[in-house]
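# Structural characterization, general
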Amino acid sequence: MMLQYRDLAKLKTKKIVFEDVIAARDSATLEHLKELSSKRRVIEESINHTSYITEAIAREISGGLTSRCEQERLRLEQYMPLLENFIFHADLVSSHNRMVQWTSQLKIRWSSATSSLSFFDLRGPKFFQINNLRFELVMIHFHYGATLRERALEFLSTDLKQSAFIFREAAGVFHYLAHEVIPSLQPPIPAERPSEASSALCAAMSCICLAEAQAVYTRRAEERGSTGFSVLAKLHYGVVELLDDATSAIQSGTGEVKTISSRFMEFISSCKALHELRSKKHLAEGLRNDGQMGVSVGVLCDALMSSKKKTPGEESWKACFKKETEIAANTLRKFENENEFVWQEKIPYVDELPSPQGIKIVEIVPYKPKKWERELAFKL
């Protein structure tokens, strides 16, 4: 069982009609702007929950896709190449006063799904307006990465291999945002922005998706039953290390920790604690098989003591934690009885116990944006 955080895809946005603001010089450009607005409109209606399309019609429009995540993925993949092409041509005249004015008039506004509660009021989520076309590019790609991650979670019950692959795809999208799109923003996005528009959070999300992919591969190895305890311990601790990388990425951002919701930060720390417990349990089982029963008991005792201090507040996460601690506690009782009646080995002090070692076996699936190369001309 994995801890799940499903809020990332809960972004909201305001309507944009490109052809009402941007003056096209020819019919081809006007048609492109209309298509851009049309493709964005179905995404707006989807994420704002304002669509009146039935599930049957949505399935038919998407070519028979039954998963809402897959339907959303298709919508995004139809919109993003048009957006990339539009921004490419807009950049060529970005310094012109008319283009600057048009960008402002588009009123590109997005909410945040990860910002702290101080960014919300009684009227609903706060919308951030940033007059930069690449702000739209960043937020739509973040939503794309979050949608892929949701799809990966859907596969957990049916196809672990496919789930892990899609987690790695999502990691690639967030890596692209963190290392290519956001650093190239000119002028830079202002300090008051959604957390999703920061390199720090996108880099952290890439690490989290990789950690989730490795957790899935580890679960698959556990279910097959052919992987040794020592390797399983290292795989789980590799998840811990990837989550440490995520925390470090957030802390590297200017003020990012203060703006990100405490629930999101608790999710990272709780996942880390859960996989640390699993790692130490497998480490103890390996030590027991190697004849080091006293050390094995010591490792499990230490693991359970540490986990009690890190129990999450979220009910679903707490239930997962409780189940895992019960498994570890039962294993400990079994090992203590065996040690008392058979081995009679001394239990080492905490500072004498071996520390888990981690291995990382996952890499991102590199994201390569698709572009529709159409010549656009604006009436400046």
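The protein has the name BRO1 domain-containing protein in an unreviewed UniProt entry, where Salix brachista is given as its organism. According to the UniProt record, the Sequence similarities (unreviewed entry) comment for the protein is "Belongs to the BROX family."

## Digging into empty space enclosed by the protein
Taken as a whole and judged by the stated rule, the model has two cavities of 30 Å³ or more. Roughly 90 Å³ of internal volume is contained in the largest cavity. Contributing to the lining of the largest cavity are Met2, Leu3, Ile208, Ala211, Glu212, Ala215, Val239, Leu243, Phe267, Cys271, Leu274 and His275. Looking at the lining of the largest cavity, the elements that each hand over two or more residues are α8 (199–224), α9 (229–252) and α11 (262–289). Tallied by class, the residues present in the lining of the largest cavity amount to ten nonpolar, one polar and one charged. When its volume is computed, the second largest cavity comes out at roughly 60 Å³. Along its surface, the second largest cavity is lined by Ala273, Glu276, Leu277, Lys280, Ala303, Ser306, Ser307 and Lys310. Contributing elements (two or more residues each) for the lining of the second largest cavity: α11 and α12 (293–308).

## Brief notes about helix α5 (residues 97–106)
Listed as buried for α5 are Met99, Trp102, Thr103 and Leu106. Along the long axis of α5, the arc covered by the buried residues comes to 100°, so they all point the same way. Buried residues along α5 sit in contact with α1 (18–21), α4 (68–92) and α6 (133–154). Positioned one or two residues after α5, Lys107 has a phi angle of 50°, which is positive.

## A word on the side chain of His275
Looking at the secondary structure, you find His275 in helix α11. For His275, a relative accessible area of 5% corresponds to the buried category. What His275 contacts, discounting residues up to four positions off in sequence, is Ala215, His236, Val239 and Val240.

## A few points about the nonpolar core
By size, the foremost hydrophobic cluster in this structure holds 93 residues, and its most contacted members are Phe86, Phe142, Met205 and Phe264. Per-element tally for this core: the top contributor is α8, with 13 residues. Setting aside its immediate chain neighbours within four residues, Phe86 contacts Phe18, Ile22, His32, Leu33, Leu36, Leu133, Leu376 and Phe378. Counting residues in each nonpolar core, the second largest holds 17 residues, with Leu277, Leu283, Val297 and Ala329 among its members.

## Comments concerning the environment of Leu201
Along the polypeptide, Leu201 turns up in helix α8. The buried category is assigned to Leu201, whose relative accessible area is 0%. On a C-alpha basis, the gap between Leu201 and Ala23 in space is 36 Å, while along the polypeptide they are 178 residues apart. Excluding anything up to four places from it in sequence, Leu201 contacts Thr114, Phe142, Ser195, Glu196, Ile260 and Phe264.

Rules of the game
Residues numbered from 1 in each chain as written. Predicted model: local features only at pLDDT ≥ 70, side-chain atom pairs only at ≥ 80, totals over all residues. Heavy atoms only, no water. UniProt positions renumbered as here; feature names shortened; annotations may be inferred. 1 Å grid on protein atoms, 1.4 Å probe; cavity = no way out; pocket = protein on both sides within 12 Å on 5 of 7 lines; lining within 4 Å. Points joined across faces, edges and corners; volume = space filled by probe spheres on them. Helix = DSSP H or I, 4+ residues; strand = E, 2+ residues; numbered from the N terminus. Nonpolar A, V, L, I, M, F, W, Y, C, P; charged D, E, K, R; others polar. Buried < 20%, exposed > 50% of the residue type's maximum accessible area, 1.4 Å probe, protein only. Arc of directions from axis to C-beta. Contact = heavy atoms within 4.5 Å. Core = buried A, V, L, I, M, F, W, Y, C linked by side-chain atoms within 4.5 Å.

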